[in-house]
Amino acid sequence: MSEDRPKPSPRGWDTVTPYHRGFREFAEAYEAFGFEQIHAGALPFLPPKPGLMLDIGAGSGRDAGWFAAKGWEIVAVEPAAAMRQEAARRHPSSQIRWLDDRLPALAAVHRLGLGFDLAWLSGVWMHIPPEDRPRAMRKLATLLRPGGRLVLTLRHGPAPEDRPMWPVDANEVERLGLDHGLALRVATEHVEDRHGRRDIRWRTVILDLPDDGAGALPLLRGVILRQEKAATYKLALLRCIARIADSSPNIAREAGEHVELPLGLVALYWIRMFKPLVERRLPQRPGEAMGFVTPAFRALAPLAPYDLRPGARFAGDLAAALHRALADAARLIATMPATHLTFADNTPVFPTTPRRPPRATDPIVLGAELLWGYGTTGVPLPVWQALRRMAAWIEPMLLAEWVRLTQAYGARVGRDIPADAVMRALTWLEPLRDTALVRDLVDGRVVRGEAVACVWTGEPLRSRGVEIDHCLPWSAWACNDLWNLLPASRAANQRKSGLIVGAMALADAKPRILAWWEDAYRRADPALRARFTEEAQTTLPLAQDREPTLDELFAALDFRRLRLRQETQLPEWSGAV
């Protein structure tokens, strides 16, 4: 076939021929406005440094020429031969390489073996039929380097009679991106058409392929999206580790190139995750029973998932059942997902060494000693850091794949399982806001005539004016740990509500916070003192081999405050006026 003629489509429609035949008119229209006029909404989100760009549907070359002038190297893809030749004439540059290719396959681009810092689709997505868009997004995602960015300009409005187009939607783009490991960065507001077509509007959607700088995220993305899965177990193991990294990172122990986690805690989160799925009979394997769903597991039915947390205490039949269920889950994790989730050389990503379960006790306390007693799970250091820093990206992608697998297992047995039903079961339920224990401690002291001061103002508290404040705000981090619950006046609590306490305000309150911790917990009965220490050592960056001093605990609180501020960007509270 001649280079000057477009290739016919195997289907009845042809999105390329109109641009081949009308290349002069289209090129004149595209060049009538400059890049910065057309793409004003995208300018703030362009990568700060030039790199390698893929311009798909490059048209007249206007955008490729602009990027080349900024120092970028460009592969410009245009399937309409005459348009491609016209673009090369208008924008001659050694930094632009022109290529005949098209979505959804992009076969020629993939053969190049390149990874791109930026993929650019301006006015292209509406030409891709909806049934081809999942494949197109998958191809685009695999062409991005870690940290790469995908920019799509969407055309909204009726299609002209001579050019096949389909409706587009930013939510669809976001969902397809999520399915393939891309995170939404921004969807701009709609803008009017520069050519004055009143029924046409444009919108830009920008997606990122996150990068941790150490290659860990591509590995995680491969685990989630590419490794073969005979069950949801690999996803469950990764989610358990991600949840520990997010909520209890201080329990990890560094061991060379890995950190080690207590297998008992992995098993605890495993039970917590699978409990709603099992109770709602959502299939997690194709027609096979799950080895950890034993009578002991089913005996935990009276417990809510969020009851299964580090530091929790159980007695009687529940204690015995939980001890056995943890052992069953730990054994299955070690022999199945931890064994079969591997690198390319078949070595385990998360090497797991089970131990003989510790002796059962009544009551059972889910403390570090017990949880370490079930064995260890190793996590490569770069992966651990990525999980700690990028949970907001990893969790949605992981859940999207989990939903897909569950629906597929249901379809095998004739069940049509709604995605929402799976998502509800997978929701990580946080504990209810609970300050009752600390309120009882404060009220008891007030009734006995003992002095209790507002930690923020120093004013003495009376029963009617007492409130229990989450030092690190509940709205940003659902943490009911005893160290985080502090007596405060109603006025101070209301002024601080939803804000992160500032460094100066926290420092000013230090003597009163330390006094409260000392009086309420360090001088309390052994069980309450142990709970206070256990919770602090699980969630704050504290030494694990001894009870921390209160000064050390306060310093750890300040570090956690800094991390929360960085993660949430919430404004700070400067203290009581």
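The rules behind these values
Sequence order sets the numbering: in each chain, residues are counted from 1 along the sequence as written. Per-residue local features of the predicted model are confined to residues with pLDDT of at least 70, and side-chain atom pairs are confined, for both listing and counting, to 80 or more; whole-chain, interface and lining totals are unaffected and use all residues. Side-chain metrics rest on all non-hydrogen atoms present in the structure, leaving aside hydrogens and water. What counts as a helix is a DSSP run of H or I of at least four residues, what counts as a strand is a run of E of at least two, and both are numbered from the N terminus. Note on aromatic contacts: the rings of Phe and Tyr and the six-membered ring of Trp form a pair at centre separations within 6.5 Å, being stacked when their planes are under 30 degrees apart, edge-to-face when over 60 apart, and tilted otherwise. Only protein chains enter the accessibility calculation, which uses a 1.4 Å probe; a residue whose area is less than 20% of its type maximum is buried, one above 50% is exposed, and one in between is partly exposed. Charge-over-ring placement is defined geometrically: NZ (Lys) or CZ (Arg) within 6 Å of the ring centre, and within 35 degrees of the ring normal. Joining through side-chain atoms within 4.5 Å is the link that ties buried Ala, Val, Leu, Ile, Met, Phe, Trp, Tyr and Cys residues into a set, and such a set is a nonpolar core. Should any heavy atoms of two residues lie within 4.5 Å, those residues are counted as being in contact. Counting of polar contacts relies on pairs of N or O atoms within 3.5 Å, with two restrictions inside protein: one atom must be capable of donating a hydrogen and the other of accepting it, and residues adjacent in sequence are counted only when both atoms are side-chain atoms. Under this scheme, a helix contributes an axis fitted over its contacting stretch, all axes are lines through C-alpha atoms, and angles between N-to-C directions fall in the 0 to 180 degree range. Comment on the angle field: the value is read as roughly parallel under 35 degrees, roughly antiparallel over 145, roughly perpendicular from 65 to 115, and oblique elsewhere. Here a crossing is taken to be left-handed if its near helix is turned anticlockwise relative to the far helix by less than a right angle, and right-handed if that turn runs clockwise. Basically, the charged four are Asp, Glu, Lys and Arg, the nonpolar ten are Ala, Val, Leu, Ile, Met, Phe, Trp, Tyr, Cys and Pro, and anything else, Gly included, counts as polar. Here the arc refers to the directions that run from the helix axis out to each C-beta atom.

Here we look at unusual backbone geometry
Thinking step 1. Omega for the peptide link from Leu103 to Pro104 comes to 10°, which places this bond in the cis form.
Thinking step 2. Residues Asp362 and Pro363 are joined by a peptide bond in cis, for which omega reads 5°.
Thinking step 3. For Asn346, which is not glycine, the phi dihedral falls at a positive 70°.
Thinking step 4. Here Asn346 is to be found in the loop between helix H14 (337-340) and strand S12 (352-354).

A closer look at the packing of aromatic side chains
Thinking step 1. What the rule picks out here adds up to 22 aromatic pairs.
Thinking step 2. Judged by centre distance (5.1 Å) and plane angle (85°), the rings of Trp66 and Phe67 are edge-to-face.
Thinking step 3. With a relative accessible area of 18%, Trp66 lands in the buried category.
Thinking step 4. Judged by centre distance (6.1 Å) and plane angle (55°), the ring pair of Trp517 and Phe532 falls under tilted. Linking Trp517 in helix H21 (residues 503-522) with Phe532 in helix H22 (residues 526-539), this pair joins segments that are 15 residues apart in sequence. Assigned by exposure class, Trp517 and Phe532 land together as buried.
Thinking step 5. Put simply, the rings of Tyr233, Trp270, Phe274, Phe292, Phe297 and Trp402 touch in pairs and so form one group of aromatic residues.
Thinking step 6. Above the plane of the ring of Trp372 lies Arg253, whose end atom (NZ or CZ) is 3.7 Å from the centre.
Thinking step 7. The ring of Trp477 is capped by Arg560, whose NZ or CZ atom sits 4.1 Å from the centre of that ring.

Focus on the nonpolar core
The nonpolar side chains of a soluble globular protein tend to be buried with one another.
Thinking step 1. Among the nonpolar cores identified, the biggest contains 81 residues, and Trp270 and Phe274 are the most heavily contacted of them.
Thinking step 2. Per element, the largest residue contribution to this core is 12 residues, and it comes from helix H11 (residues 263-279).
Thinking step 3. Sequence-distant contacts of Phe274, defined by excluding residues within four places in its chain, comprise Thr232, Tyr233, Ala236, Gln284, Met290, Phe292, Phe297 and Trp402.
Thinking step 4. Residues Val466, Val501, Leu528 and Trp573 belong to the second largest nonpolar core, which totals 45 residues.

Quick notes on the side chain of Arg62
Thinking step 1. When you line up the elements, Arg62 lands in helix H4 (residues 62-69).
Thinking step 2. Residue classification places Arg62 among the buried residues on the basis of a relative accessible area of 14%.
Thinking step 3. Among the polar contacts listed, one links the side chain of Arg62 to the backbone oxygen of Tyr30, at a separation of 2.8 Å.
Thinking step 4. Ignoring anything within four residues of it in the chain, the contact list for Arg62 reads Tyr30, Glu31, Phe33, Gly34, Phe35, Ile38, His39, His91 and Ser122.

Concerning the environment of Pro348
Thinking step 1. Relative to the assigned elements, Pro348 resides in the loop between H14 and S12.
Thinking step 2. On the accessibility criterion, Pro348 (33% relative accessible area) is partly exposed.
Thinking step 3. Discounting residues that sit within four places of it in the chain, Pro348 has contacts with Ala338, Leu341, Thr342 and Phe343.

Some remarks on the packing of helix H2 (residues 23-31) against helix H5 (residues 81-90)
Each pair of packed helices can be described by the angle between their axes along with the distance between the axes.
Thinking step 1. Running from N to C, H2 and H5 point in directions that differ by 45°, and their axes come no closer than 9 Å. Taken as axis vectors, H2 and H5 run oblique relative to one another. Judged by the twist between their axes, the crossing of H2 over H5 is right-handed. Contacts from Phe23, Phe26, Ala27, Glu28, Tyr30 and Glu31 of H2 reach H5 at Ala82, Met83, Glu86 and Arg90.
Thinking step 2. For the contact of H2 with H5, a count of residues per class yields six nonpolar, no polar and four charged.

A few points about the environment of Leu437
Thinking step 1. For Leu437, the location among the structural elements is in helix H19 (residues 436-447).
Thinking step 2. The class of Leu437 is partly exposed, set by a relative accessible area of 33%.
Thinking step 3. The sequence separation of Leu437 and Leu485 amounts to 48 residues, and the corresponding C-alpha distance is 9.7 Å.
Thinking step 4. Sequence-distant contacts of Leu437, defined by excluding residues within four places in its chain, comprise Leu482, Leu528 and Arg531.

Re helix H8 (residues 170-179)
Thinking step 1. Three or more residues of H8 are buried, namely Ala170, Glu172, Val173, Leu176 and Gly177. Down the axis of H8, the sector holding all buried residues measures 160°, keeping them to one side.
Thinking step 2. Residues of H8 that are buried make contact with helix H7 (133-143), strand S5 (144-156) and strand S8 (201-208).
Thinking step 3. The N-cap residue of H8 is Asp169: its side-chain oxygen and the backbone nitrogen of Asn171 are 3.0 Å apart.
Thinking step 4. Positive phi shows up at Gly181, right after H8, with a value of about 85°.

What about the side chain of Ser489?
Thinking step 1. By secondary structure assignment, the location of Ser489 is in strand S16 (residues 485-489).
Thinking step 2. A polar contact of 3.1 Å, which involves the side chain of Ser489, links it to the backbone nitrogen of Ala492.
Thinking step 3. If we ignore the near neighbours within four places in the chain, the residues touching Ser489 are Cys454, Glu459, Leu461 and Gly465.

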